[in-house]
Each structure stands twice: as C-alpha cells, then as structure tokens.
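Summary of the model geometry
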Amino acid sequence: MSNPQPVIALRDGQRIPQLGLGVWQTPNHEAAVVVRTALECGYRHVDTASLYGNEQGVGEGVRSSGLARDEVFVTTKVWNDDQGLDRALRAIDASLERLGLDHVDLLLVHWPAPQRKLYVETWRALVRARQEGRARSIGVSNFEPEHLDRIIAETGVVPVINQVELHPRFQQKRLRAAHAERGVRTQAWSPLGQGQLLAHPLVARVADKHGRSPAQVIIRWHIDLGLIVIPKSSNAQRIRENFDVFGFQLDADDLATLEKLDEAGGRIGPDPMTADF
Ligand code: NAD
C-alpha cells in the first residue's frame, strides 16, 4: 500500500513513522475505535503507556485494523512505580499481555524520577527486554542530559529516543542540541501545548496564510524541525485533520514567526528533575 509519510531512521537501524497518535487520556473503552480510526486515516504509529490504562484497547485497535503487525509502530512505557530491574521486567511482560502483542516497537522509561535512584536499573531491564525480543527499540522519556549520560556511562547503551515536552512555547533548544551530540532522536509530547497554543494569534496568522488549521501548522512545524510528533485526539475529524499535513510546507518566514513563541517559562508539565508521582 502506498503510504508516503516521513519515516525517521533510529540509531539502532529501526525506523519510526515521524507522525504518530498519542492516546494519553483516551479511555480504554474508546481506544480500540480511536486507534483503528487513526490507522484507517494512514497513521502507522501509536504512543501509549501502562499509566494510560488503555493498552488493551490500543492492542485491540491494532488487531482490528487488519494491518500486518510490522506495519504499525507501537510504543509503550514503564511507569515510575515499576522502576528497578525485576519490577520493570514484570511490568514489561504485563504491558505486552495487555496489548496482546509479543513485542513493542519502542519501549521507554517514562520518567527518570531521580529521587528513586532506580532509573539505571530500569534501563538495564529495557536493555534485557530488547535482547530478548520484547522490544525492537528502547529509549527514555523526560530525561535531562545528566540522566542520559548516566545510563550511557553505566550500560554503554544509548537510548534511540528521548520523548520530552516540546511545542512552540517550549522549544527545548538546549536539550535538542544535547540529543544531537549523543545521537538521540527527539520526540515531542504535548506537541500542541495540550491545545492551548491553537488560539495564539501568530499561529492563526500562519494558518490563515496556508488555508490550514492551527493544529496542522504546529504539527507541520514539528515535522520541519525533524522531530517525531504524537498529537492526541480521540475525535475522528481531528485525528484526520492532524494527519493531513503532508500537502503543504512552512516557509522561512513562518518558521521565524513560530520561533518567536518560545518562552523560558513555557513548560506546561512537570519538571523532570523533581517530578515524581
Ligand atoms: P497535545 O499537545 O497533543 O494536545 C491534545 C489536545 O489538543 C486534545 O486533547 C484536544 O483538546 C486538542 N486537539 C488535538 N487536535 C486538535 C485539532 N485538530 N483541533 C483542535 N484541538 C485539537 O497533548 P497531549 O495529549 O498532552 O500530548 C500528546 C501525546 O504525548 C499524549 O497523548 C501521550 O501519548 C504523549 N505524552 C507523553 C508524556 C510523557 O511523559 N512521556 C506526557 C504527556 C503526553
């Protein structure tokens, strides 16, 4: 089937579709329909987590799409309460069981939760899961450079991806540079600023210029920056709209306009240095 969406090569040789569907806050009983709808629109990448409580619905959606397993890129994450080698290994098995899959394409440590002092051991569990075929690729989420350096120094294994909060109001330029130096790809969570950026007048201006929606402009911005992006919606029309971003391009003026939205205090979610849940 022809599916001309961009795909990013990861350092381990695997490939990830650059645009995926996020399913945080999609209830389990809706997840199968939401995922199937997205796959029918052309998405080939779904981002879930054990925390989201919808792995079962996500797995059902993937199966009901009729697509071959290797056509869909599925990510899940190990939650903070499951940190540590043994607990994380058990949590990975439980996630696969809920998903009804024998492997995920990408497995992430959800937060470093540095106060727990367990993220290195948790990373070792992911390394083992990959060796045993339960994950094709392994990465992290919400890691700062010092956390990345620690797991790399202690295990010699570099995560393929760091999934972090990133949107026009919080562009993470320093962290992106740190990723580039280490060969880690950047994946953007809350890419639409949880919807808060969609009414911004500068975004509206660029959207009007292209005859596109504010969400499409912001998703296109992520694509043009080379980021992997996972906007969330459980509304069929928005799911479709958010994928329809390959028929236009932003020019240098548009990118300069959106760059102006970056703010030192633009973070919406928790600070990874202190966050624990
Ligand atoms: P988001 O930035 O994707 O915004 C989602 C919200 O924007 C929706 O709930 C909806 O209200 C609105 N929206 C989406 N499309 C729209 C459209 N076309 N028009 C108008 N409004 C629209 O926020 P998010 O859900 O926080 O982040 C996306 C995904 O990132 C999550 O679902 C999850 O998979 C992942 N995530 C990961 C972490 C982490 O710690 N790793 C944290 C948060 C989110």
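Everything that follows concerns the structure shown earlier in this document.
Residues numbered from 1 in each chain as written. Predicted model: local features only at pLDDT ≥ 70, side-chain atom pairs only at ≥ 80, totals over all residues. Heavy atoms only, no water.

Turning our eyes to something else, we now look at the overall build of the protein chain. Helix and strand counts for the protein chain stand at 10 helices and 10 strands. In terms of its C-alpha atoms, the protein chain occupies a principal-axis envelope of roughly 55 × 40 × 30 Å. Contacts spanning at least 24 positions in sequence make up 76% of the contacts within the protein chain whose residues lie at least 6 apart. Total accessible area on the protein chain is roughly 11,700 Å²; 47% of this is exposed by carbon and sulfur atoms. A distance of 1 Å separates the average location of the 33 positive side-chain charges in the protein chain from that of its 35 negative side-chain charges. (Helix = DSSP H or I, 4+ residues; strand = E, 2+ residues; numbered from the N terminus. Contact = heavy atoms within 4.5 Å. Areas by Shrake-Rupley, 256 points an atom, 1.4 Å probe, with all protein chains shown as cover. Lys, Arg positive; Asp, Glu negative; His and termini not counted. Charge placed at Lys NZ, Arg CZ, Asp CG, Glu CD.)

Let us now look at the nonpolar core. L107, W123, L126, I138 and I151 are the most contacted members of the largest nonpolar core, which totals 67 residues. Other than its neighbours up to four places away in sequence, L126 contacts V78, I92, L107, L108, V109, I138 and G139. In terms of nonpolar packing, the next biggest core, distinct from the first, is built from nine residues, L10, F73, L106 and I228 among them. (Core = buried A, V, L, I, M, F, W, Y, C linked by side-chain atoms within 4.5 Å. Buried < 20%, exposed > 50% of the residue type's maximum accessible area, 1.4 Å probe, protein only.)

What follows deals with the site of the ligand. The immediate surroundings of the ligand are formed by 26 residues, with D47, S141, Q163, S190 and L192 found nearest. Contact between the ligand and V23: an oxygen atom at 3.2 Å from a main-chain N or O atom of the residue. Contact between the ligand and K232: an oxygen atom at 2.9 Å from a main-chain N or O atom of the residue. Protein chains shield 88% of the accessible area of the ligand, which is 840 Å² for the free molecule. Ranked by residue count, the leading element in the shell around the ligand is helix α9 (residues 236-243), at three residues. (Near = heavy atom within 4 Å. Polar contact = N/O pair within 3.5 Å; in protein donor to acceptor, adjacent residues only side chain to side chain.)

Next up on the list: unusual backbone geometry. Here A113, not a glycine, exhibits a phi torsion of approximately 40°, which is positive. Counting through the fold element by element, A113 comes out in the loop between β6 (104-109) and α4 (119-131). What makes A113 buried here is its relative accessible area of 0%. One non-glycine residue with positive phi stands out, namely Q194, at about 55°. Along the chain, Q194 falls in the loop between β9 (185-189) and α7 (201-210).

Looking now at the sheet that holds strand β4 (residues 45-47). Sheet architecture is open: eight strands sit in the order β3-β4-β5-β6-β7-β8-β9-β10, paired in parallel fashion. Both outer strands of the open sheet, β3 (21-22) and β10 (228-229), are each paired with one neighbouring strand and no more. Bridge count for β6 against strand β7 (residues 135-141) is five bridges, and the pairing is parallel. Within β7, the residue paired with V109 across the bridge is V140. (Pairing = 2+ DSSP bridges.)

So, about the packing of aromatic side chains. Applying the stated criterion to the full structure yields four aromatic pairs. Between Y43 and F243, the aromatic rings sit 4.7 Å apart at their centres with planes inclined by 35°, giving tilted as the arrangement. Of this pair, Y43 sits in the loop between α1 (28-41) and β4 while F243 sits in helix α9, and the two are 200 residues apart along the sequence. Residues Y43 and F243 agree in their burial class; the two are buried. Look at Y119 and F143: their rings are 5.5 Å apart centre to centre, the planes differ by 75°, and that puts the pair in the edge-to-face class. Residue Y119 is located in helix α4, and its partner F143 is located in the loop between β7 and α5 (145-155); the two are separated by 24 residues in the primary sequence. (Phe/Tyr/Trp six-rings, centres within 6.5 Å; stacked < 30°, edge-to-face > 60°.)

The next subject is the side chain of T257. Looking at the element boundaries, T257 is found in helix α10 (residues 252-259). Assessed through its relative accessible area of 10%, T257 is described here as buried. Discounting residues that sit within four places of it in the chain, T257 has contacts with L202 and V206.

Bringing the packing of α4 against α5 into the picture now. Direction vectors running N to C along α4 and α5 enclose 60°, while the axes themselves pass 10 Å from each other. Between α4 and α5, the interaxial angle falls into the category oblique. In the packing of α4 onto α5, the handedness of the crossing is right-handed. Where α4 abuts α5, its residues Y119, V120, W123 and R124 lie against E146, H147, R150, I151, E154 and T155. Per-class residue counts for the contact of α4 with α5 are four nonpolar, two polar and four charged. (Axes fitted to C-alpha atoms, helices over the stretch in contact; angles between N-to-C directions. Parallel < 35°, antiparallel > 145°, perpendicular 65-115°, else oblique. Left-handed = near helix turned anticlockwise from the far one by under 90°. Nonpolar A, V, L, I, M, F, W, Y, C, P; charged D, E, K, R; others polar.)

Relative to the elements of secondary structure, T76 occurs in strand β5 (residues 73-78). Aside from chain neighbours lying at most four places away, what touches T76 is T48, A49, S50, E55, S95, L99, V104, L106, L107 and L108.

Mapping G13 onto the fold places it in the loop between β1 (7-9) and β2 (15-17). G13 sits 59 residues away from V72 along the chain, and the two C-alpha atoms are 16 Å apart.

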